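Structure at a glance
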Amino acid sequence: MTERTFSILKPDATRRNITGKINAVIEEAGLRIVAQRRVHLTDAQAKKFYEVHAERPFYGELVAQMTAEPVVVQVLEAEGAVAKYREVMGATNPDNAAEGTIRKLFALSIGENSVHGSDSLENAGIEIAQFFKDEDIVG
Ligand code: RTP
Ligand code: MG
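Residues numbered from 1 in each chain as written. Chains lettered and ligands numbered in written order. Predicted model: local features only at pLDDT ≥ 70, side-chain atom pairs only at ≥ 80, totals over all residues. Heavy atoms only, no water.

1. Considerations on the pattern of salt bridges
In the structure shown here, the tally under the stated rule is six salt bridges. Between Asp12 and Arg16 there is a salt bridge whose closest N-O contact spans 2.6 Å. Residue Asp12 is classed as buried on the basis of its relative accessible area, which comes to 2%. Arg16 sits in the partly exposed class, given a relative accessible area of 30%. For Arg15, the salt bridge goes to Glu69, with nearest N and O atoms at 3.7 Å. (Salt bridge = Lys/Arg side-chain N within 4 Å of Asp/Glu carboxyl O. Buried < 20%, exposed > 50% of the residue type's maximum accessible area, 1.4 Å probe, protein only.)

2. A look at the sheet that holds strand β1 (residues 2–9)
Strand order across the open sheet formed by four strands is β2-β3-β1-β4, with antiparallel pairing between neighbours. Lying at the two open borders of the sheet, with one neighbouring strand each, are β2 (32–39) and β4 (115–117). In this sheet, neighbouring strand axes are inclined to one another by 20° on average, regardless of whether the strands run parallel or antiparallel. Where β2 meets strand β3 (residues 71–79), seven bridges bridge the pair, whose relative direction is antiparallel. Following the sheet pairing, Val39 is matched in β3 by Val71. Along the sheet, helix α7 (residues 121–131) makes contact with β1, β2, β3 and β4, crossing β1 at roughly 55°. (Pairing = 2+ DSSP bridges. Helix = DSSP H or I, 4+ residues; strand = E, 2+ residues; numbered from the N terminus. Axes fitted to C-alpha atoms, helices over the stretch in contact; angles between N-to-C directions. Contact = heavy atoms within 4.5 Å.)

3. Description of unusual backbone geometry
With a phi close to 60°, Asn17 is a non-glycine residue in the positive phi region. Inspection of the secondary structure assignment puts Asn17 in the loop between α1 (11–15) and α2 (19–28). For Asn17, a relative accessible area of 69% puts it in the exposed group. For Ser114, which is not glycine, the phi dihedral falls at a positive 70°. When you line up the elements, Ser114 lands in the loop between α6 (102–106) and β4.

4. As for the site of ligand 1
For ligand 1, the set of nearby residues contains 15 residues, the closest of which are His53, Thr92, Asn113, His116 and Gly117. One of the side-chain nitrogen or oxygen atoms of Lys10 is found 3.0 Å away from an oxygen atom of ligand 1. At 3.0 Å from an oxygen atom of ligand 1 is found a main-chain nitrogen or oxygen belonging to Gly117. With the chains in place, 81% of the 560 Å² that ligand 1 exposes on its own is no longer accessible. The site holding ligand 1 turns out to be the largest pocket. Of all the secondary structure elements, the ones that give two or more residues to the shell around ligand 1 are α5 (81–89) and β4. When grouped by side-chain class, the residues that make up the shell around ligand 1 number six nonpolar, six polar and three charged. (Near = heavy atom within 4 Å. Polar contact = N/O pair within 3.5 Å; in protein donor to acceptor, adjacent residues only side chain to side chain. Areas by Shrake-Rupley, 256 points an atom, 1.4 Å probe, with all protein chains shown as cover. 1 Å grid on protein atoms, 1.4 Å probe; cavity = no way out; pocket = protein on both sides within 12 Å on 5 of 7 lines; lining within 4 Å. Sits in = over half its atoms within 2 Å of the grid points. Nonpolar A, V, L, I, M, F, W, Y, C, P; charged D, E, K, R; others polar.)

Written as structure tokens, this is what we have:
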């Protein structure tokens, strides 16, 4: 089934000017970038986005990192886009990420791990709606 997933190219990627290199890996894997926008997340936006992690010890650091510099928010489309993008991203900790994955290629650490991708189709819908209007997604 054709699905849409939500992606963020994180501040460590915009800072190093490697968003194009990451997009090349995304497109090479067959995911289509059907919406994309550069944005500097506010504290409130980042806190809401990562609400599920509010009780985790790294929450404060995560919100600080995600608001430090701009990010690129995206909608990616493909057959089975949610699982496909998780595979292309690689493990959260780049030390555990498979060869050829975005995190293996580009991540600096578990915190500065270059990309976010939705972990379920339900969350993809919720996350896309936080950043994009329907008419701004062109499949
Ligand atoms: P994401 O949500 O960003 O796509 O990454 P994920 O599913 O692989 O990882 P998740 O468990 O949802 O954690 C969200 C983000 O929090 C940061 N993190 N830091 N210091 C730590 O132990 C730690 N653990 C997670 C990472 O940036 C992770 O992507
Ligand atoms: Mg996650």
